[in-house]
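# Structural features, examined
Chain by chain, the residues:
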Amino acid sequence: MEAARRPPVSLRLLLPLLAAALGAAGRGGPGPVTCGSVVKLLNVRHNVRLHSHDVRYGSGSGQQSVTGVSAADDGNSYWRVRGRTAAVCQRGTPVRCGQAIRLTHLGTGRNLHSHRFTSPLSGNQEVSAFGEAGEGDYLDDWTVVCSGTYWVRDDEVRFQHTSTDVFLSVTGEQYGRPIHGQKEVHGMAASSQNNYWKVMEGIFMQPSEAFQMEQYHAEL
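Report on the accompanying structure. What you are looking at is a predicted structure, and each value in this text was computed from that prediction instead of being measured.

A separate point is the pattern of salt bridges. Charged atoms that come close allow side chains of opposite charge to pair. Within the structure shown, the criterion is met by six salt bridges. Salt-bridge contacts for E135 lead to R82; the nearest nitrogen and oxygen are separated by 3.1 Å. Separated by 53 residues along the polypeptide, E135 in the loop between strand 7 (125-130) and strand 8 (142-145) and R82 in strand 4 (residues 79-83) bring together distant segments of the chain. Of the residues examined, R82 reaches a relative accessible area of 18% and is grouped as buried. Two residues, R110 and E132, come together in a salt bridge whose shortest N-O distance is 3.0 Å. With R110 in the loop between strand 5 (100-105) and strand 6 (111-118) and E132 in the loop between strand 7 and strand 8, this pair connects stretches of sequence that are 22 residues apart. Note on E132: relative accessible area 51%, which makes it exposed. Overlapping salt bridges, with partners in common, bring together D54, R110 and E132 in one network.

What follows is the structure, encoded as structure tokens:
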């Protein structure tokens, strides 16, 4: 008898989250992005998703590279939303505008990170993936910049690095081998249309009961 084929690693990682997220859509249209959710983030201007893989930069920090890819179905573009370094954000807690978070790459367990190294193509600030098993340092923290009270799934938002103030950005520079066609992701000091990101595919943790009660009273 032929042995059963195991699902790809990214799918195996997502299955437990899928079970926990059933019923997360809620009523009244798109809800807030919540801690514990696993999402793909699209750079709105350049139409690429935030991506990482176990390929290191050949210059700068030498840490794991972060890029933008155009393929919507790439399994290396999933990121888990978590609380800032040394803080706990309970699963299902809505992320507020102005809140600092970490984005942990699902496939490698490293956090979206920046520091004062120069990016290889554009000369802006390098963005990398850093840490082990989801634990890095304070340079993994990014503030969600949006309007309103909460980061809503349909919103176009910016991510500002809490330590160096740069915005997570794409300006179109493209890599050659070994990651041919992928776009550079970097930090930019100036706010522009290159900084805006939107949640696309993902598994969203159901908002906490406290948030649902808050929304219920707001509707009364």
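This part takes up the pairing of strand 6. Pairing geometry for strand 6 and strand 7, over five bridges, is antiparallel. What sits directly across from T118, in strand 7, is Q125. Hairpin connection from strand 6 to strand 7: six residues lie between these consecutive antiparallel strands, with G123 at a positive phi of about 80°.

In this section: the packing of aromatic side chains. A complete count under the given rule lists one aromatic pair for this structure. Ring plane angle 75° and centroid distance 5.4 Å describe the contact between W151 and F159, whose orientation is recorded as edge-to-face. A relative accessible area of 0% places W151 in the buried class. For R153, the ring lying beneath its charged end belongs to F204, and the centroid distance is 4.1 Å.

Our next topic: the side chain of Q64. Mapped onto the elements, Q64 comes out in strand 3 (residues 64-69). Discounting residues that sit within four places of it in the chain, Q64 has contacts with S52, H53, D54, V55, R56, Y57, H105, T108, R110, S128 and A129.

Pairing of strand 5 with strand 8 involves two bridges; the strand directions are antiparallel. Bridging across to strand 8, I101 finds its partner in W142. Two elements, strand 8 and strand 9 (residues 156-161), share four bridges in a ladder whose sense is antiparallel. By the bridge assignment for strand 9, V144 is matched with F159.

Let's shift gears to unusual backbone geometry. Omega for the bond connecting R177 with P178 falls within 30 degrees of zero, at 5°, which places this linkage in the cis form. Within the fold, P178 resides in the loop between strand 10 (167-169) and strand 11 (183-184). A positive phi angle is found at N47, which is not glycine, with a value near 55°. Along the chain, the position of N47 falls in the loop between strand 1 (38-43) and strand 2 (48-56). Positive phi, close to 50°, is recorded for A133, a residue that is not glycine. Within the secondary structure layout, A133 lies in the loop between strand 7 and strand 8. Take A133: its relative accessible area is 70%, and that puts it in the exposed class.

Cut-offs applied
- Residues numbered from 1 in each chain as written.
- Predicted model: local features only at pLDDT ≥ 70, side-chain atom pairs only at ≥ 80, totals over all residues.
- Heavy atoms only, no water.
- Salt bridge = Lys/Arg side-chain N within 4 Å of Asp/Glu carboxyl O.
- Helix = DSSP H or I, 4+ residues; strand = E, 2+ residues; numbered from the N terminus.
- Buried < 20%, exposed > 50% of the residue type's maximum accessible area, 1.4 Å probe, protein only.
- Pairing = 2+ DSSP bridges.
- Phe/Tyr/Trp six-rings, centres within 6.5 Å; stacked < 30°, edge-to-face > 60°.
- Lys NZ or Arg CZ within 6 Å of the ring centre and 35° of its normal.
- Contact = heavy atoms within 4.5 Å.

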